[in-house]
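Structure at a glance
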Amino acid sequence: MKFRLYRYHPESGEKPHMQDVDLDIDPAGKMLLDALLAIKAQDETLSLRRSCREGVCGSDAMNVNGKNRLACITPLSELKEPIEVRPLPGLPVIRDLIVDMEPFYRQYRSIKPWLINDEPEPEVERLQSPEDRALLDGAYECILCACCTTACPSFWWNPDKFVGPAGLLQAYRFIADSRDEATAARLDNLEDPYRLYRCRGIMSCVDACPKGLNPTEAIGRIKSLLVKRRV
Amino acid sequence: MKSSTGAHTGTGTWLVQRATAVALAVALPGLTIHFLTALPVDFAGWQTLFVPLWVRVLLLLTMTALALHAWVGMRDIFMDYIQPVGLRLALYLAVIVTLAGCEIVMLMALWK
């Protein structure tokens, strides 16, 4: 199969370039990550992140034929040749397919992605009704692979100011949590022309999410809560 | 790390943009039909199309919605592309003057 890989080794002093690679591999039942690891076995200078190889850890997110996906759950047979593999867009490239995730994590941290509850701890655990628990479905499953946020033009343009779809989905996950007490502060944190309202609802995030989540819907719910609070 | 927080603004402008979008989606086709169904028309006939009060009020409200919608849109564009604060404020002012000017010209044309 034919591949076109983005290569960049900053210490070589060369500009980034695309490398054509021919690999003898039977696509049946194999994922893109299998092919990339086979290429790396031939040429160990190829750098990429990967860990769980089953779509759970989110470390092998990359841009494949123009779409952000996880290499480990992208079937080779689905891809049109030559398969063009690039690092995630919108983040600084460290080397080959490895990007600096710091701008993404900084926005994630800014929404305080942990439960805030200053009540004394109960004897056993903080219980939720099944209905309250159901509100977290579609929000808690995010694996922070950054496929959605790096597919978002608003994030490309304002990575320092716009929280991005992944961060906003997580923000909603804690706003919706019946055990969290900081809802008002969380809404204050997000009510901003840049942090929240740079989302124009184009749904690139929904298209990119390898877990089938819907950040646009969560962002809509945050906006609804802000409107409710205001009017 | 500096703690991030919101400017506590943005909901109002977002709401204005959404509300005016709905208003425009309803009003523009209505007005278009009102004028198109009267065609072909001479100048006197064209003038009579503006005689009913509801047409003039609807036109003015539509223009207002359009102006507000355009204001939020232009403001968003300037926020993204114009970084120097002075220049950005000058452009804001230019847009406001232009849109308000359009509104006044329309008011004068409809109720002269």
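Residues numbered from 1 in each chain as written. Chains lettered and ligands numbered in written order. Predicted model: local features only at pLDDT ≥ 70, side-chain atom pairs only at ≥ 80, totals over all residues. Heavy atoms only, no water.

For the rest of this paragraph, the subject is the overall build of chain B. Assigned secondary structure in chain B consists of four helices and zero strands. The order of α-helices and β-strands along chain B, N terminus first, is α-α-α-α. Counting only C-alpha atoms and orienting by the principal axes, one finds that chain B spans roughly 70 × 25 × 20 Å. Considering chain B as a whole, with its 112 residues, one finds that 32% of them fall into the buried category. The contacts of chain B with a sequence gap of at least 6 include a subset with a gap of at least 24, amounting to 68%. For chain B, the exposed area adds up to about 7,100 Å²; of that, 78% sits on carbon and sulfur atoms. (Helix = DSSP H or I, 4+ residues; strand = E, 2+ residues; numbered from the N terminus. Buried < 20%, exposed > 50% of the residue type's maximum accessible area, 1.4 Å probe, protein only. Contact = heavy atoms within 4.5 Å. Areas by Shrake-Rupley, 256 points an atom, 1.4 Å probe, with all protein chains shown as cover.)

The side chains of a regular strand alternate between the sheet's two faces. Residues and elements named next belong to chain A. Covered by surrounding structure in strand S3 (residues 61–64) are Ala61 and Asn63 together with Met62 and Val64, the residues of both alternating faces. Relative to strand S4 (residues 67–70), S3 is paired through four bridges, and the arrangement is antiparallel. The residue bridging Ala61 from the neighbouring strand is Leu70, located in S4. Two successive antiparallel strands, S3 and S4, enclose a turn made up of two residues, where Asn65 displays a positive phi of approximately 45°. (Pairing = 2+ DSSP bridges.)

Attention now goes to empty space enclosed by the protein. The final tally for this structure, using the stated rule, is two cavities of 30 Å³ or more. Taken together, 14 residues make up the lining of the largest cavity; nearest its centre are Cys142(A), Cys145(A), Cys148(A), Cys209(A) and Pro210(A). Considered class by class, the residues forming the lining of the largest cavity number 13 nonpolar, no polar and one charged. Its boundaries defined by the atoms lining it, the second largest cavity holds a volume of some 70 Å³. Lining the second largest cavity we find Pro193(A), Tyr197(A), Arg198(A), Arg200(A), Gly10(B), Thr13(B), Trp14(B), Gln17(B), Val72(B), Arg75(B) and Asp76(B). Here the residues of the lining of the second largest cavity sort into four nonpolar, three polar and four charged. (1 Å grid on protein atoms, 1.4 Å probe; cavity = no way out; pocket = protein on both sides within 12 Å on 5 of 7 lines; lining within 4 Å. Points joined across faces, edges and corners; volume = space filled by probe spheres on them. Nonpolar A, V, L, I, M, F, W, Y, C, P; charged D, E, K, R; others polar.)

Attention now goes to the packing of aromatic side chains. Tallied over the entire structure, the rule returns eight aromatic pairs over all chains. Ring geometry for Trp46(B) versus Phe50(B): centroids 5.5 Å apart, planes at 70°, classification edge-to-face. Using a relative accessible area of 22% as the deciding quantity, one classes Phe50(B) as partly exposed. Put simply, the rings of Phe35(B), Trp46(B) and Phe50(B) pair up and form one aromatic cluster. Between the NZ or CZ atom of Arg133(A) and the centre of the ring of Tyr140(A), over which it lies, the distance is 4.8 Å. In this structure, Arg173(A) is placed above the aromatic ring of Phe174(A), and the distance from its NZ or CZ to the ring centre is 4.3 Å. (Phe/Tyr/Trp six-rings, centres within 6.5 Å; stacked < 30°, edge-to-face > 60°. Lys NZ or Arg CZ within 6 Å of the ring centre and 35° of its normal.)

Let us look at a nonpolar patch on the surface. Residue and element names in this part refer to chain B. A contiguous nonpolar surface patch, about 500 Å² in accessible area, is contributed by Leu36, Leu39, Val41, Phe43 and Trp46. Structurally, Val41 can be placed in the loop between helix H1 (11–36) and helix H2 (43–48). What makes Val41 partly exposed here is its relative accessible area of 31%. (Patch = residues over 30% accessible without salt bridge, like charges linked within 9 Å, V, L, I, M, F, W, Y side chains within 5 Å. Salt bridge = Lys/Arg side-chain N within 4 Å of Asp/Glu carboxyl O.)

Next up on the list: the nonpolar core. Phe3(A), Leu32(A), Leu36(A), Ile83(A), Leu190(A) and Ile222(A) are the most contacted members of the largest nonpolar core, which totals 66 residues. With six residues, helix H5 (residues 164–175) of chain A is the largest single contributor of residues to this core. With residues up to four places along the chain from it excluded, the contact list for Leu32(A) reads Phe3(A), Val64(A), Ala71(A), Thr74(A), Leu76(A), Leu79(A), Ile83(A) and Val85(A). The next biggest cluster of nonpolar side chains, apart from the first, holds 16 residues, and it includes Phe35(B), Val55(B), Met79(B) and Leu110(B). (Core = buried A, V, L, I, M, F, W, Y, C linked by side-chain atoms within 4.5 Å.)

Take the side chain of Asp80(B) next. With respect to the helices, strands and loops of the structure, Asp80(B) is situated in helix H3 (residues 53–81). Contact partners of Asp80(B), with chain neighbours within four places excluded, come to Trp157(A), Asn158(A) and Arg198(A).

On to H1(B), then. Because each turn of an α-helix spans 3.6 residues, side chains separated by three or four positions end up pointing in the same direction. For H1(B), which comprises 26 residues, the first-to-last C-alpha distance of 37 Å matches the rise-based estimate of 38 Å (1.5 Å per residue) to within 8%. Every buried residue of H1(B) is accounted for by Thr11(B), Gly12(B), Trp14(B), Gln17(B), Thr20(B), Leu24(B), Ala27(B), Leu31(B), His34(B) and Phe35(B). Each element contacted by the buried residues of H1(B) is listed here: helix H8 (215–230) of chain A together with H2 and H3 of chain B. (Expected span 1.5 Å × (residues − 1).)

Residue and element names in this part refer to chain B. Packing of H3 against helix H4 (residues 85–110) brings their axes to within 10 Å, and their N-to-C directions diverge by 170°. By the angle between their axes, H3 is roughly antiparallel relative to H4. Here Arg56, Leu59, Leu60, Met63, Thr64, Ala67, Ala70, Trp71, Met74, Arg75, Phe78 and Met79 of H3 lie close against H4, whose contacting residues are Arg88, Leu91, Tyr92, Val95, Ile96, Leu99, Cys102, Glu103, Met106, Leu107 and Leu110. Here the residues of the contact of H3 with H4 sort into 18 nonpolar, one polar and four charged. (Axes fitted to C-alpha atoms, helices over the stretch in contact; angles between N-to-C directions. Parallel < 35°, antiparallel > 145°, perpendicular 65-115°, else oblique.)

As a further point, take the interface of chain B and chain A. Across the contact, 20 residues belong to chain B and 21 residues belong to chain A. Interface area for chain B against chain A, summed over the two sides, is near 1,800 Å², with a carbon-plus-sulfur share of 54%. Summed over the shared surface of chain B and chain A, the number is three salt bridges. Note that Asp76(B) and Arg198(A) form a salt bridge whose closest N and O atoms lie 3.0 Å from each other. For the pair chain B and chain A, the interface holds 14 residue pairs in polar contact (both at pLDDT 80 or more). Elements represented by at least two residues in the side of chain B that touches chain A include exactly H1 and H3 of chain B. (Buried area = accessible area lost by both parts, 1.4 Å probe. Polar contact = N/O pair within 3.5 Å; in protein donor to acceptor, adjacent residues only side chain to side chain.)

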